[in-house]
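Understanding the architecture of this molecule
The chain contents come next:
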Amino acid sequence: MRFRHPDGSTVHLAYCTNVHPAETLDGVLAQLRDHCEPVRRRLGRDRLGIGLWLAKDAAHALVSDPSALRGLRTELDRRGLEVVTLNGFPYEGFGAEEVKYRVYKPDWADPERLDHTTALARVLAGLLPDDVTEGSISTLPLAWRTAYDDGRAETARTALLTLAERLDAVRELTGRDIRIGLEPEPGCIVETTRDAIAPLTAIGHDRIGICVDTCHLATSFEDPHTALDALTAARLPVVKSQLSAALHAEHPHLPEVREALAAFDEPRFLHQTRTATAAGLRGTDDLGQALNGDALPDASPWRAHFHVPLHAAPAAPLTSTLPVLKAALTRLVGGPHPLTRHLEVETYTWQTLPAELRPRARSQLADGIAAELALARDLLTDLGLKELP
C-alpha cells in the first residue's frame, strides 16, 4: 500500500511474511498464493506491499539463480504484490516449535550474518518495483548480550563496514539504494534506540541506520518522541519502522493479572519482560521467568515482548501498547517530512496467542492481517497522508 505524504514523497506500508514462515523458495511462492494475495483481496486493493522474510536457503536460491529471482518478481506482479523491504533478522528456523534464543544466531560477529545480509541486499535490488529505487532491510541489533566481548564487537563493526561497501557496489551496479537498519530489541547489545547511537555513529555510513520496532520501543519503556528526537539529533537514518504492539499489564501484582499473563507464556518465542523502577529498567529474558515468584518487581506496570494484533487488544485486565505505536507514527510520518518511508506491520505471533484468540484457519488469519493493515491505513490518513491506488 502506498501513501502520498503532504511533502509529496511516497510512504510504503507492508505486512511482514514472517507470520507464515517458509524456509525454501517453493515455500515463499506458496505464501504469496495462500496468504498474501488473499489479504490483498480482502483490502480491495490492486496492489499490496509485503515485507518478505527470506530464510537462508531461500535467499541463497534467489541470489545464485537469476532465473529464480526473475520468477519470484513475476509471481509478485501476477498476484498484485510488491516488495520494498525485507526482514533480515531471523536467519532460519523461524517456524520451529522452539525459536527462543536461536533467533539471535548467527550474530554480526559471525561471517554467516554478513554473507546472508549481502545476499538479501542483492535479492531486494532485483525485486524492487520499476518505479522504486530505495529498499530497506531490518537486521539483528549486533548480538544477544551474552558472550559478546570487545573482540566480537570489533568483528561486528568490521562486518557492517564491509556491508556498507557492498551496498555502495549494489548502488553502482543496479541504481538501487539498499539500506540496512539495526533493530533494537530487549536483551540485545542494542536494546534501545539510545544504545544504537554510539555503534551507528562509529560506522558513520548513511546506508546503515536503525529500524524502529514500536513493540520493542514500548517494551523498553522508551518515549517515542524522545527516542526519535535523539536519532534525528545524531543524524542517524530511520531506515524503516515495524508497527507492532507489546503486551501491557498495569497491575502485575494482582493474581488475576498474573493469571491472564500466564496465558501468553508459550514455548516458541522469547517474550522479554520489563518494568520501569526508580532505579532504572528491570527485566527478565522471558515472561515465564517474570511470573516465577519475585524475579521482577511488580509495583509498576509490566510490558512483555509479545507482538499482539494491532486491532485487537487483549481482554481486561491486560491491554496493548497501541498508544505508543500511535505516538511513534505521529513523529515518524506526521511532521513536515517523513523520518522514514518504509512501514511494516509485524505481528508474527498469531499462532502462539492464547487458544481462544488464535486463528483456526487461513481465512481467519487473512482477516486478522487485513484488519491490522486497515487500522494502520486509517492512522496514516488521519495524519494527513493520502492513500494511492
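Description of the structure in this document. Owing to the predicted nature of the structure, the values given are computational and were not obtained by experimental measurement. (Residues numbered from 1 in each chain as written. Predicted model: local features only at pLDDT ≥ 70, side-chain atom pairs only at ≥ 80, totals over all residues. Heavy atoms only, no water.)

1. Considerations on the overall build of the protein
Rules: Secondary structure counts use DSSP, requiring at least four H or I residues in a row for a helix and at least two E residues in a row for a strand, with both numbered from the N terminus. Each radius of gyration reported is based on C-alpha atoms, and the globular scaling rule is 2.2 Å times the count of residues to the power 0.38. Think of it in three bands: with a 1.4 Å probe and only protein chains considered, a residue is buried below 20% of the maximum accessible area for its type, exposed above 50%, and partly exposed in between. Any two residues whose heavy atoms approach within 4.5 Å at even a single point are treated as in contact. Surface exposure here means Shrake-Rupley accessible area, sampled with a 1.4 Å probe, where a residue is shielded only by the protein chains that are shown. Positive charges come from Lys and Arg, negative ones from Asp and Glu, while His and the chain ends are left out of the count. The location of each charge is read from NZ of Lys, CZ of Arg, CG of Asp or CD of Glu.
A tally of helices and strands in the protein yields twelve helices and 15 strands. Relative to the globule expectation of 21 Å for 389 residues, the C-alpha radius of gyration of the protein, 20 Å, shows essentially globular dimensions. C-alpha atoms of the protein, sized along the principal axes, occupy 55 × 50 × 45 Å. Of all 389 residues assigned to the protein, the portion counted as buried reaches 59%. At a minimum sequence separation of 6, the contacts of the protein that also span at least 24 residues come to 79%. Taken as a whole, the protein presents about 15100 Å² of accessible surface, with 50% of it coming from carbon and sulfur. Charged side chains in the protein number 42 positive and 54 negative. The centres of these two groups are separated by 5 Å.

2. Focus: the pairing of strand 7 (residues 208-213)
Defined as follows: DSSP-based pairing: two strands are paired if at least 2 bridges between them are found.
With six of six residues buried, strand 7 lies mostly within the body of the structure. Pairing analysis gives three bridges linking strand 6 (residues 177-182) to strand 7, with the strands arranged parallel. Looking at strand 7, one finds that L182 is bridged to I210.

3. A short note on unusual backbone geometry
The amide bond that connects K105 to the next residue, P106, takes the cis arrangement and shows omega of -10°. As for its placement among the helices and strands, P106 is situated in the loop between strand 4 (81-87) and helix 4 (111-127). Geometrically, the link from A316 to P317 is a cis peptide bond, its omega value of 15° lying close to zero. Its identity as a non-glycine residue notwithstanding, K100 has a phi of 40°, on the positive side. For K100, the position within the fold is in the loop between strand 4 and helix 4.

4. Quick word on the packing of aromatic side chains
Here is the rule: Centre distance within 6.5 Å is the pairing criterion for rings of Phe, Tyr and Trp, where only the six-membered ring of Trp is used; planes under 30 degrees apart are then read as stacked, over 60 as edge-to-face, and the remainder as tilted. Two limits define a charge over a ring: the Lys NZ or Arg CZ must be within 6 Å of the ring centre, and within 35 degrees of the ring normal.
Counted according to the given criterion, the structure contains eight aromatic pairs. A centroid spacing of 5.9 Å and a plane angle of 55° characterise the contact between W53 and F94, whose relative ring orientation is tilted. Remark: F94 occurs in the loop between strand 4 and helix 4 and W53 occurs in strand 3 (residues 48-53); sequence separation between them is 41 residues. For W53, a relative accessible area of 0% gives the class buried. When the ring of F269 is compared with that of Y348, the centres are 4.9 Å apart and the planes differ by 80°; the resulting orientation is edge-to-face. Pair noted here: F269 is in the loop between helix 9 (255-262) and strand 10 (273-277) and Y348 is in the loop between strand 14 (342-345) and helix 12 (362-382), with a separation of 79 residues, a long-range link. An aromatic cluster of three or more residues is present, and its members are W53, F94, F269 and Y348. Directly above the aromatic system of F221 lies the positively charged group of R303, at a separation of 4.4 Å from the ring centroid.

5. Examining the environment of T349
Summarising the element assignment, T349 is placed in the loop between strand 14 and helix 12. Sequence separation of T349 and F306 is 43 residues, and the distance between their C-alpha atoms is 7.3 Å. Setting aside residues no more than four positions away along its own chain, T349 makes contact with F269, F306, H307 and V308.

6. Details of the nonpolar core
Basically, it comes down to this: We call a set of buried residues a nonpolar core when its members are Ala, Val, Leu, Ile, Met, Phe, Trp, Tyr or Cys and they connect through side-chain atoms within 4.5 Å of each other.
Core analysis: the biggest nonpolar cluster contains 114 residues, and L13, Y15, I50, L54 and L373 have the highest contact counts within it. A total of ten residues in this core trace back to one element, the largest contributor, which is helix 12. In this structure, L54 is in contact with V28, A59, L62, L86, N87, H116, L120 and V123, ignoring residues within four places of it in sequence. Counting residues in each nonpolar core, the second largest holds five residues, with L217, A218, A227 and A328 among its members.

7. A few points about helix 6 (residues 193-203)
Heads up, the rule is: When we speak of the arc, we mean the arc of directions from the helix axis to the C-beta atoms.
Taken together, the buried positions of helix 6 are occupied by T193, A196, L200 and I203. The arc that holds the buried residues of helix 6, viewed along the axis, is 60°, so those residues lie on one side. Across helix 6 from its buried face, at more than 90 degrees, point the exposed residues R194 and A198. Buried residues belonging to helix 6 abut helix 5 (150-174), strand 6, strand 7, helix 7 (214-219) and helix 8 (224-233). Directly after helix 6, the chain includes G204, whose backbone phi takes a positive value near 60°.

8. Describing the environment of T275
As a reminder of what qualifies: In protein, a polar contact means a hydrogen-donor-capable atom and an acceptor-capable atom, both N or O and within 3.5 Å, with residues adjacent in sequence counting only if both atoms are side-chain atoms; elsewhere, any N or O pair within 3.5 Å suffices.
The topology assignment puts T275 in strand 10. Judged by its relative accessible area of 1%, T275 is buried. Each residue touching T275, except ones within four places of it in the same chain, is listed here: F221, G280, L281, R282, L296, P297, S300, P301 and W302. Only 2.9 Å separates the side chain of T275 from the backbone oxygen of P301, close enough to count as a polar contact.

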